[in-house]
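The residues making up each chain are set out below.
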Amino acid sequence: MNVAIRRAQPSDIDVCARITYEAFKDISDRHLFPTDFPTLEFATEIIELLIESPLFFDIVAESSGAVVGCGFMDKRNPIRGIGPVSVDRAFQGRGTGREIMKALLEGGRDAVGIRLVHESFNMASLSLYASLGFEVKEPFVLMEGKFRSQPQHGFEVRPMTSEDVAECAALCEKLCGCDRTSEIEYALNDFSPFVACKQGRIVAYTCAVSALGHSVAETEADMQALLLGAAAYSSDRLLAFHLPLRYANLFRWCLQEGLRALKPMAVMAVGEYRSPEGCWLPSFVY
Ligand SMILES: CC(C)(COP(=O)(O)OP(=O)(O)OC[C@H]1O[C@@H](n2cnc3c(N)ncnc32)[C@H](O)[C@@H]1OP(=O)(O)O)[C@@H](O)C(=O)NCCC(=O)NCCS
């Protein structure tokens, strides 16, 4: 199918939201997993945020003048993050997804690396990304629920402030080998980021205890303390986050705490990649 790729504009928000909502609902329903975009309103909120921010590279694919697909790339960090990518259900399997991905990769050609998160049950996206050079780096699960335990002694967990940004960015650089300063600054304005301190030093931070933000900790125990402390600030809310399966003890602890694993996912990458040390929880892009 012949498609033309162009930059997305605010007037594309509604059609991109509909395509994203329907495409993700369709693949998730077919596999009996929850979708990342449970309502059209939520999809519209996210797509609007992406298209209206200069920090994201947004494209649409058009066929005969109609938008049939869209894709987004997070430009906040030197390592770019792709997602979401969606093609109208009626136009899938005809090469549009590949054209969107090629355009996104072209948009990120100067980056040292590009990463994305994919749902491991999705054979179309796995094959598409692998054929374009992406490799699976970090299998993880989406966890959801409320912790039974109260915050731990010996840690101070508090909302992040602008004075914490440099220390959090240095922790990320040391443990994950990448610079996410701009994303941490973004979280300060748009989400509810937290830090966990031990003896006056930041040992863990989260940009958001949700799929929207990543978290980094020196150890699995520090991550536990961060999660329990952050949860105490919103005890009425279900928490959701991405948990790499290599942290077997942390996974078991989450299950004992009453959380549920909802679906299998993975971080994929092209270009520079260093497997994080310590403990990290990926965001919706990496
Ligand atoms: C994933 C998605 C973006 C791919 O777009 P598409 O236009 O359908 O895909 P394309 O026709 O460009 O195919 C690209 C590759 O995907 C793979 N693929 C496509 N459909 C497939 C299917 N039904 N089963 C297995 N692999 C498939 C093939 O490897 C194909 O390459 P090839 O045709 O050159 O062999 C699209 O199917 C979609 O919107 N899915 C729902 C939302 C989604 O899963 N987004 C990605 C989230 S991580």
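Numbers given to residues run from 1 along each chain, matching the order in which its sequence is written. In keeping with the predicted nature of the model, local features appear solely for residues at pLDDT of at least 70, side-chain atom pairs appear and are counted solely at 80 or more, and the whole-chain, interface and lining totals rest on all residues.

(A) Region of interest: the packing of helix 7 (residues 220–232) against helix 8 (residues 248–256). Here an angle of 0 to 180 degrees is reported between the N-to-C directions of two axes, which are lines fitted to C-alpha atoms, with helices fitted over the stretch in contact. Runs of E in the DSSP output that reach at least two residues are strands. Runs of H or I that reach at least four are helices, and both are numbered from the N terminus. Remark: helix 7 packs on helix 8, axes separated minimally by 10 Å, with the N-to-C direction vectors making an angle of 30°. By the angle class used here, helix 7 and helix 8 are roughly parallel. Along this stretch, helix 7 crosses helix 8, giving a crossing that reads as right-handed. Residues E220, M223 and Q224 of helix 7 form the contact with helix 8, whose participating residues are N249, L250 and W253. Classification convention: Asp, Glu, Lys, Arg as charged; Ala, Val, Leu, Ile, Met, Phe, Trp, Tyr, Cys, Pro as nonpolar; all other residues, Gly among them, as polar. Split into classes, the residues belonging to the contact of helix 7 with helix 8 amount to 3 nonpolar, 2 polar and 1 charged. Angles below 35 degrees are treated as roughly parallel, those above 145 as roughly antiparallel, those between 65 and 115 as roughly perpendicular, and all remaining angles as oblique. We call a crossing left-handed when the near helix sits turned anticlockwise from the far one by less than a right angle, and right-handed when that turn is clockwise. It is the C-beta atoms, placed from the backbone, that decide contacts: two residues are in contact if theirs lie within 7 Å.

(B) Local environment of helix 3 (residues 96–107). In this model helix 3 runs 17 Å from its N-terminal to its C-terminal C-alpha over 12 residues, within 8% of the 16 Å that 1.5 Å per residue would give. Our exposure labels follow a C-beta count within 10 Å of each residue's own C-beta, placed from the backbone: buried means 20 or more other C-beta atoms, exposed means 12 or fewer, and partly exposed covers the counts in between. Every buried residue belonging to helix 3 is among T96, G97, E99, I100, M101, A103, L104 and G107, and all of these are buried. For helix 3, the elements touching its buried residues are strand 1 (4–7), strand 2 (56–63), strand 3 (66–74), strand 4 (79–87) and helix 4 (123–131). A helix is expected to span 1.5 Å multiplied by its residue count minus one.

(C) Fine view of the site of the ligand. Not every one of the 22 residues close to the ligand is listed here, only the nearest: Q92, G97, R98, A124 and S127. Considering every element that reaches the shell around the ligand, the biggest residue donor is helix 4, with 6 residues. The residue makeup of the shell around the ligand, split by class, is 8 nonpolar, 11 polar and 3 charged. What makes a residue near a molecule or strand is its C-beta atom, placed from the backbone, lying within 6 Å of it.

(D) Quick peek at the domain arrangement of the chain. Taken domain by domain, the chain comprises domain 1 (4–111) and domain 2 (144–264 + 274–281). The source of the domain bounds is an automatic or database domain assignment. Placing a centre on the C-alpha atoms of domain 1 and another on those of domain 2 gives a separation of 28 Å. Taken together, the residues that form the side of domain 1 that touches domain 2 break down as 4 nonpolar, 1 polar and 1 charged.

(E) Up close: unusual backbone geometry. A cis geometry characterises the amide bond from G83 onward to P84, with omega recorded as -10°. Mapped onto the elements of the fold, P84 is located in strand 4. A positive phi angle, close to 50°, is found at S64, a residue other than glycine. For S64, the location among the structural elements is in the loop between strand 2 and strand 3. Note on S64: 9 C-beta atoms within 10 Å, which makes it exposed. A positive phi angle, close to 50°, is found at Q199, a residue other than glycine. Following the sequence through the fold, Q199 ends up in the loop between strand 8 (194–198) and strand 9 (201–206). Judged by the 8 C-beta atoms lying within 10 Å of it, Q199 falls in the exposed class.

(F) Representation of the nonpolar core in the model. Linking buried Ala, Val, Leu, Ile, Met, Phe, Trp, Tyr and Cys residues through C-beta atoms within 7 Å yields a set, and such a set is a nonpolar core. Ranked by size, the top nonpolar core spans 82 residues in total, and within it C16, C168, A196, A204, Y205 and L226 carry the most contacts. Sort the elements by how many residues they give to this core and helix 1 (residues 13–31) lands first, with 8 residues. Split by domain, the residues of this core number at least three in each of domain 1 (4–111) and domain 2 (144–264 + 274–281). Each residue touching C168, except ones within four places of it in the same chain, is listed here: M160, I184, V195, I202 and Y205.

(G) Quick peek at the sheet that holds strand 7 (residues 156–159). Should DSSP find at least two bridges between two strands, the strands are regarded as paired. With respect to topology, 5 strands assemble into an open sheet ordered 7-8-9-10-13, the strand pairing being antiparallel. The sheet is open, and its two borders are formed by strand 7 and strand 13 (279–281), each paired with just one other strand. The sheet shows a mean angle of 20° between the axes of neighbouring strands, direction not considered. Examined bridge by bridge, strand 8 and strand 9 share 5 bridges and lie antiparallel to one another. The residue of strand 9 that forms the bridge with C197 is I202. The strands touched by helix 5 (residues 165–176) are strand 8, strand 9, strand 10 (215–217) and strand 13; relative to strand 9, the strand with the most contacts, the crossing angle is about 80°.

(H) Up close: the sheet that holds strand 6 (residues 135–145). Overall, mixed pairing links the 8 strands, which are arranged 1-2-3-4-5-12-6-11 in an open sheet. Both outer strands of the open sheet, strand 1 and strand 11 (239–244), are each paired with one neighbouring strand and no more. Taking the axes of each pair of neighbouring strands and ignoring which way they run, one obtains an average angle of 30° across the sheet. Strand direction decides the pairing type here: strand 2 and strand 3, joined by 8 bridges, are antiparallel. Across the sheet, A61 pairs through a bridge with G69, a residue of strand 3. In this fold helix 3 packs onto strand 1, strand 2, strand 3, strand 4 and strand 5 (113–119), with an angle of close to 35° to the strand it touches most, strand 3.

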